[in-house]
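Observations on the model geometry
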Amino acid sequence: MSANRFTLLLLTVLAIFCRQSLAAFPMIFPDPIALNTNAVGDSGNDHIPHIVTDGKGHWVAIWDSNDTLGGTIGIDPDILCARSENNGHSWTSPAPVNINAASDGSGADAHPIIATDSLGTWIVVWNSTTNLGGVIGTDLDILYARSTDNGVSWSLPAPLNTNASIDTVHDVAPQISADSMGNWVAVWSAQINPTGPGSDYDIFVAKSNNAGVTWTPPVPLNTNATTDSGQDGDAVIGNDGQGNWLVVWQSSENLGGVIGTDTDFFFSRSTDNGASWTPPAVLNTNAATDIEGGGDLTLANDGHGNWVVAWTSSENLGGVLGTEGDIHFARSEDNGATWSDPMPLNNNAAGDLGADEIPSLSCDGNGNWIATWDGNNAAGGMVGTEYDVFIAHSADNGMTWTDPVPLNAYANTDTRDDYFAIVSSDKQGNWIAAWESAENVGGSIGNDYDILTLRFAFPDCNAIGIGDFQEIADGTSADCNANGVPDACEPDSDGDGIIDACATVVPPPSAILSPVCGTCAPGVLPSVGMVL
């Protein structure tokens, strides 16, 4: 497609997008609290949180920090964690994931990512210069720790890249994903050789089929690793729980001149749980004509074939947007085989002046997609020009998004920066958001960087602070017609306690009954199920 045709198409789609997406996020967010409960008196800086849940009431948050936890560990960066067993209402005190934190010397531990198989195992991966007492070198390697008690305790750190004791190149920016069928896959960026051919960074992969006890030797995921010259890095990985795995990464590879040498985005798919991968393909369809790169990749899927990938970019999409930096995204409806053209996710992108960056995506599998990011965008005068965190919602698999609104409730009065917002869902309507902030929350904590968090229920039709799906699963409310909406929120025009969709009717003799209310009481016939 020519650049002019692409621009014309984009302008048309943008016009439709803007008409359909001008709406507010459908709820008001509570004030944040400090997730790291030592925020009042700590002096170290806490950075870049990540939160996952097993969907069974257990939530684990991790981040990196140079806080000493009251002198119990060193001042070098370590990996900390906290747990919640009540959907984020409260959190345990921070504790080190790398349980050698008191004795690991000056080794730097950073970039932690966590995953769970929802079967009892949790694994944190990170890159580190710690040599584990001389067992491995001081080059950056990928370490990991396992928990089998929902984050209460952790195993000693061990190298995930099995060549850690002999390699001399850096392994960086790990990501990990797991399904509930025993499959774990980790990816990261590394060099094949420190100099000469293979000295560019490529994407490596390792897998485990025993809950992370052992890992396969690392191999290049991008099948052109021995011949390409572009730098490949910052990979992200996800799976849909049904055998479909997707890895997306950024690269300066030009595919022999087919695309430019600016940063573009490549993807590879696996349908055999990471044993083999498709050749790298370009995800951003404008790769041959765009002039600006991007980064900060994130992805999510709904388990029904729909995937959304988002990233930060200063690409103006043919002059339609500014170059200050916005959140772009692309969608797939066929498990990542094909992708839509890039579009702005922050739908004020054409007229805003501030930068938007570092997105995070999450989906509850029930039609709700949420994006968060940070930026110094004044958002129509709602906030100041320091960095705040923003949120938007999509109910149509990412086709359109609500207007960005501040996630941090104090955004219009604070003066310190907020970064790296993330959000996680338990697929029952409970969501937890977190980010790093230098804001002291009205003087209640210090001005060092801490981890702030808030929880919200969505959808929550009766505004009781419990997600609708959780309310139904707990038996607090019935769902007579099995539509995912508690009966307490459904019409009951005669006030008899039975919603209209499951109301008792006297059918005529000629009626053909179709009991769509499979959970209705005996003798209760759904009026919508009669065919005359």
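Residues numbered from 1 in each chain as written. Predicted model: local features only at pLDDT ≥ 70, side-chain atom pairs only at ≥ 80, totals over all residues. Heavy atoms only, no water.

So, on to the packing of aromatic side chains. Applying the stated criterion across every chain, the model contains 14 aromatic pairs. With centroids separated by 4.8 Å and ring planes inclined at 45°, the aromatic side chains of Phe265 and Trp311 adopt a geometry described as tilted. Here Trp311 lies in strand E19 (residues 307-313) and Phe265 lies in strand E16 (residues 264-270), a separation of 46 residues in the sequence. Residue Phe265 shares its accessibility class with Trp311, and that shared class is buried. With a centroid separation of 6.3 Å and 25° between ring planes, the pair formed by Trp373 and Phe390 is classed as stacked. Of this pair, Trp373 sits in strand E23 (residues 369-375) while Phe390 sits in strand E24 (residues 388-394); the two residues are 17 residues apart in sequence, bridging distant segments of the chain. (Phe/Tyr/Trp six-rings, centres within 6.5 Å; stacked < 30°, edge-to-face > 60°. Helix = DSSP H or I, 4+ residues; strand = E, 2+ residues; numbered from the N terminus. Buried < 20%, exposed > 50% of the residue type's maximum accessible area, 1.4 Å probe, protein only.)

What follows concerns unusual backbone geometry. Here Phe458 and Pro459 are connected by a cis peptide whose omega angle stands at -5°. By secondary structure assignment, the location of Pro459 is in the loop between strand E28 (450-457) and helix H2 (468-473). At Phe420, a residue that is not glycine, the phi angle is positive and equals roughly 55°. Counting through the fold element by element, Phe420 comes out in strand E26 (residues 418-425).

This part takes up the sheet that holds E23. Read from one edge to the other, the open sheet built from four strands follows the order E22-E23-E24-E25, with strand pairing classed as antiparallel. The open sheet is flanked by strand E22 (356-363) and strand E25 (405-406), the only strands paired with a single partner. (Pairing = 2+ DSSP bridges.)

Bringing the sheet that holds strand E11 (residues 184-191) into the picture now. The strand order across the open sheet built from four strands is E10-E11-E12-E13, with neighbouring strands paired in antiparallel fashion. The open sheet has two edge strands, strand E10 (171-178) and strand E13 (219-220), and neither has a second partner.

Here the focus is the nonpolar core. The nonpolar side chains of a soluble globular protein tend to be buried, and buried together. Within the largest apolar cluster, 19 residues are counted, with the highest numbers of intra-cluster contacts made by Phe29, Ile370, Ile391, Leu407, Trp435, Leu454 and Phe456. Residues within four places of Phe29 in sequence aside, it is in contact with Ile391, Val405, Pro406, Leu407, Ala409, Leu454 and Phe456. (Core = buried A, V, L, I, M, F, W, Y, C linked by side-chain atoms within 4.5 Å. Contact = heavy atoms within 4.5 Å.)

Now for the state of the cysteines. In this structure the tally under the stated criterion is two disulfides. The disulfide partner of Cys480 is Cys502, and the S-S distance across this bridge is 1.9 Å. Note on the Cys480 and Cys502 pair: the S-S dihedral is about -115°, so by sign convention the disulfide is left-handed. Linking Cys480 in the loop between H2 and strand E29 (512-513) with Cys502 in the loop between H2 and E29, this pair joins segments that are 22 residues apart in sequence. Just as Cys480 is buried, Cys502 falls in that class too. (Disulfide = S-S within 2.5 Å.)

The side chains of a regular strand alternate, first on one face of the sheet and then on the other. With respect to burial, E22 is a largely interior element, eight of its eight residues being buried. Here E22 runs beside E23; their pairing, made up of six bridges, is antiparallel. Residue pairing across strands places Ser360 opposite Thr372, the latter belonging to E23. In textbook terms, the turn of a hairpin is the stretch between consecutive antiparallel strands, and for E22 and E23 this stretch comprises five residues, one of which, Gly365, has a positive phi near 75°.

Turning our eyes to something else, we now look at the environment of Asp54. Residue position: Asp54 is located in the loop between strand E2 (46-53) and strand E3 (59-65). Residues Asp54 and Ser425, spaced 371 residues apart in sequence, show a C-alpha to C-alpha distance of 9.6 Å. Within the local environment of Asp54, its side chain forms a polar contact with the backbone nitrogen of Lys56, the two atoms lying 2.8 Å apart. (Polar contact = N/O pair within 3.5 Å; in protein donor to acceptor, adjacent residues only side chain to side chain.)

We now examine the pattern of salt bridges. Tallied over the entire structure, the rule returns two salt bridges. Across the salt bridge formed by Glu85 and Arg83, the nearest N and O atoms sit 3.4 Å from each other. (Salt bridge = Lys/Arg side-chain N within 4 Å of Asp/Glu carboxyl O.)

Take empty space enclosed by the protein next. Rolled over the atoms, a probe as big as a water molecule pinpoints where empty space is left. Counted according to the given criterion, the structure contains one cavity of 30 Å³ or more. Within this model, the largest cavity holds a volume of roughly 70 Å³. Along its surface, the largest cavity is lined by 14 residues, and Asn284, Asp290, Trp311, Ser313 and Glu315 are the ones closest to its centre. Grouping the constituent residues of the lining of the largest cavity by class yields four nonpolar, seven polar and three charged. (1 Å grid on protein atoms, 1.4 Å probe; cavity = no way out; pocket = protein on both sides within 12 Å on 5 of 7 lines; lining within 4 Å. Points joined across faces, edges and corners; volume = space filled by probe spheres on them. Nonpolar A, V, L, I, M, F, W, Y, C, P; charged D, E, K, R; others polar.)

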